Amino acid sequence: MTVPVSTPSYVRGVGNTRFGRLPGSTPLTLMAQAADAALDAAGLARGEVDGVLCGYATTLPHLMLADRFCEFASLQPAYAHGMAGGGATGGLMAMLAHDLVRAGRCRNVLVVAGENRLSGQSRDQSVQTLAQVGEPEIEVPNGASVPAYYALLASRYLHEVGLDADALSDFAVLMRRHAAAHPDAHLRDPLTLEAARQARPIASPLRLSDCCPISDGAVALVVSAEPGAGTPVRIAGAGQAHRHQHLGALDDVMRSGASDAAGRALAEAGCALADIDYLAIYDSFTITLVMLLEEIGIAPRGQAVARLRAGDFETDGALPLNTHGGLLAFGHSGVAGGLMHLAEAARQLAGRAGARQLPPRQRALFHADGGVLSSHVSLILETV
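Notes on the structure follow. Being a predicted model, the structure only gives us computed values, none of them experimental.

1. Some points on the overall build of the protein chain
Part 1 of the reasoning: Regarding its fold elements, the protein chain presents 12 helices and 11 strands.
Part 2 of the reasoning: The C-alpha atoms of the protein chain give a radius of gyration of 19 Å, which matches the 21 Å a tight globule of 384 residues would have.
Part 3 of the reasoning: Its C-alpha atoms give the protein chain principal-axis dimensions of about 55 × 45 × 40 Å.
Part 4 of the reasoning: For the protein chain, the residues scored as buried account for 59% of the 384 residues in total.
Part 5 of the reasoning: For the protein chain, restricting intrachain contacts to residue pairs at least 6 apart in sequence, the fraction spanning at least 24 positions comes to 77%.
Part 6 of the reasoning: A total of about 14,700 Å² of accessible surface is found on the protein chain, and carbon and sulfur atoms cover 51% of it.
Part 7 of the reasoning: Side-chain charges of the protein chain comprise 29 positive and 37 negative groups, with the mean position of each set lying 3 Å from the other.

Pasting the structure below:
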């Protein structure tokens, strides 16, 4: 159901911590740091925040994490709760904040996520937590991991379009090149195409370079009824799609729900893909990015790599893509990893991206997925 539009919503301010290994950090300290930065960018005091949406943290699985965070950060909102939707959670929270503002429920909603996923849990704990995306009676008992599920997707995709695994490496190199310009990115060292293609296997056909790093870090943004100072960035449209949870229940891997979510967001915004001039697309693995770009319609089937090689996704290309480096290079700190895509898009449109700033952009498409291409959310940001 479409919420009647009464009040526009704006991404008024964003903030983030550095991503990487941050010894001594906790989800609460990281989220508080990002929230302080977002409120400062928005020009708002704590008392002006009347809504808080908090993403789950695997290293702090508190039953009331939003309330726990508000207590820690000296916030007393009229509306607050935690959310969980896998990697799509950041976008889902931003969409809910958008609806809360439009409906007049809140004026200033703080959306925040973060955790010490790298330094705060063991590898075994991480594997156990992420195993939840697998079907519990067949997939999990047989030892499949998240990389293995995406490797199955990659195998099917490469077979369908007639490409080999080397084609995926171009996206790993692109994201590393973009991350080099961001001082807060986890992986900033250059990555050559040869090195990417020679990286050790993780789950065939995926190599280490095809997989995002695990990071500590946090991101926050403020969705408001008023734009604040500077160039206004409005949330013009939003959409979701949920066609399956487990990979084994997906009847067509080439249609996972991404196109449905993007179509709904574009329709609400009253624009078309041709009107988009910046892309913020989820990239937990290189195959994630390739399949989302093509299902959404940014590139024809099998042609996302060709568009990259033509320069279209570079900072000076027709559709700059993840100029902060994405999950593949900026880093993946749970919910915050996906939320960072939205933060970077908002900064680019507002002209607040510093050394990474592109020539003026008018509309950005954000898309994230959770699970194994399971939960989808798309947002359209535009300058006013």
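2. Topic: the pairing of strand β4 (residues 108-116)
Part 1 of the reasoning: Most of β4 is tucked away, with nine of its nine residues classed as buried.
Part 2 of the reasoning: Pairing analysis gives four bridges linking strand β2 (residues 51-55) to β4, with the strands arranged parallel. Each bridged residue has a counterpart across the sheet, and for C54 the counterpart in β4 is V112.

3. So, the packing of helix α3 (residues 89-102) against helix α12 (residues 335-350)
Geometrically, a packed helix pair is captured by the angle between its two axes and the distance between the axes.
Part 1 of the reasoning: The interhelical angle for the contact between α3 and α12, taken along N-to-C directions, is 60°, at an axis separation of 7 Å. Considered as vectors, α3 and α12 are oriented oblique to each other. Taking contact as the criterion, the partners of T89, G90, M93 and A94 in α3 are, on α12, V335, L339 and L342.

4. Overview of unusual backbone geometry
Peptide bonds are, in most cases, trans, and in most cases residues other than glycine have a negative phi.
Part 1 of the reasoning: Between S204 and P205 the backbone carries a cis peptide bond, its omega angle lying at 15°.
Part 2 of the reasoning: Structurally, P205 can be placed in the loop between β5 (201-203) and β6 (206-207).
Part 3 of the reasoning: We note that N322 has phi near 50°; this positive angle belongs to a residue other than glycine.
Part 4 of the reasoning: Tracing the sequence through the fold places N322 in the loop between α10 (304-309) and α11 (326-329).

5. Some remarks on the pairing of strand β3 (residues 79-83)
Part 1 of the reasoning: Where β2 lies against β3, five bridges are found, and the strand directions are parallel. By the bridge assignment, C54 is partnered in β3 with G82.
Part 2 of the reasoning: For the handedness criterion, the β-α-β arrangement of β2, helix α2 (residues 65-72) and β3 is classed as right-handed.

6. Some details on the pattern of salt bridges
Part 1 of the reasoning: Counted under the stated rule, the structure contains 18 salt bridges.
Part 2 of the reasoning: Between E71 and R68 there is a salt bridge, with the nearest N and O atoms lying 3.6 Å from each other. Of the two residues, E71 and R68 both sit in helix α2, three residues apart, roughly one turn of that helix.
Part 3 of the reasoning: When its relative accessible area of 28% is taken as the criterion, R68 is described as partly exposed.
Part 4 of the reasoning: The network of salt bridges with common partners includes D99, R102 and E268.

7. Concerning helix α9 (residues 286-296)
Part 1 of the reasoning: Across the 11 residues of α9, 11 count as buried, placing the element largely inside the fold.
Part 2 of the reasoning: Every buried residue belonging to α9 is among T286, I287, T288, L289, V290, M291, L292, L293, E294, E295 and I296, and all of these are buried.
Part 3 of the reasoning: Remark: G297 follows α9 within two positions and exhibits a positive phi of approximately 110°.

8. Some thoughts on the nonpolar core
Part 1 of the reasoning: Ranked by internal contacts, the top residues of the largest apolar core, which has 103 residues, are F171, L279, L293, F313, L321 and L381.
Part 2 of the reasoning: Ranked by the residues each element gives to this core, the list is headed by α12, at 10 residues.
Part 3 of the reasoning: Filtering out sequence-adjacent residues up to four positions away, F313 remains in contact with F171, L174, H178, L279, L293, I298, A304, R307, L308, L319, P320 and L321.
Part 4 of the reasoning: Grouped together as the second largest cluster of nonpolar side chains are 26 residues, L22, A35, L44 and V49 included.

9. Notes on the packing of aromatic side chains
Part 1 of the reasoning: Enumeration over the complete set of coordinates arrives at three aromatic pairs.
Part 2 of the reasoning: Between F19 and F330, the ring centres sit 4.8 Å apart and the planes meet at 55°, which makes this aromatic pair tilted. Remark: F330 occurs in the loop between α11 and α12 and F19 occurs in the loop between β1 (10-16) and α1 (27-42); sequence separation between them is 311 residues.
Part 3 of the reasoning: Owing to a relative accessible area of 1%, F19 belongs among the buried residues under this scheme.
Part 4 of the reasoning: Judged by its relative accessible area of 1%, F330 is buried.
Part 5 of the reasoning: With a centroid separation of 4.7 Å and 25° between ring planes, the pair formed by Y150 and F285 is classed as stacked. Note that Y150 is positioned in helix α5 (residues 146-161) and F285 in the loop between β9 (278-281) and α9, a separation of 135 residues in sequence. Side by side, Y150 and F285 carry an identical accessibility label, which is buried.

10. Let's talk about α5
Part 1 of the reasoning: Look at α5: 23 Å from first C-alpha to last across 16 residues, which is about the 22 Å you get at 1.5 Å a residue.
Part 2 of the reasoning: Buried within α5 we find V146, Y149, Y150, A151, L153, A154, Y157 and L158.
Part 3 of the reasoning: Where α5 is buried, its residues contact α4 (123-130), β5, β6, α9 and β10 (363-370).
Part 4 of the reasoning: At the C-terminal side of α5, G162 shows a positive phi close to 75°.

Reading the values: the criteria
Residues numbered from 1 in each chain as written. Predicted model: local features only at pLDDT ≥ 70, side-chain atom pairs only at ≥ 80, totals over all residues. Heavy atoms only, no water. Helix = DSSP H or I, 4+ residues; strand = E, 2+ residues; numbered from the N terminus. Rg over C-alpha atoms; globule rule 2.2 N^0.38 Å. Buried < 20%, exposed > 50% of the residue type's maximum accessible area, 1.4 Å probe, protein only. Contact = heavy atoms within 4.5 Å. Areas by Shrake-Rupley, 256 points an atom, 1.4 Å probe, with all protein chains shown as cover. Lys, Arg positive; Asp, Glu negative; His and termini not counted. Charge placed at Lys NZ, Arg CZ, Asp CG, Glu CD. Pairing = 2+ DSSP bridges. Axes fitted to C-alpha atoms, helices over the stretch in contact; angles between N-to-C directions. Parallel < 35°, antiparallel > 145°, perpendicular 65-115°, else oblique. Right-handed = clockwise from strand over helix to strand, strands pointing away. Salt bridge = Lys/Arg side-chain N within 4 Å of Asp/Glu carboxyl O. Core = buried A, V, L, I, M, F, W, Y, C linked by side-chain atoms within 4.5 Å. Phe/Tyr/Trp six-rings, centres within 6.5 Å; stacked < 30°, edge-to-face > 60°. Expected span 1.5 Å × (residues − 1).

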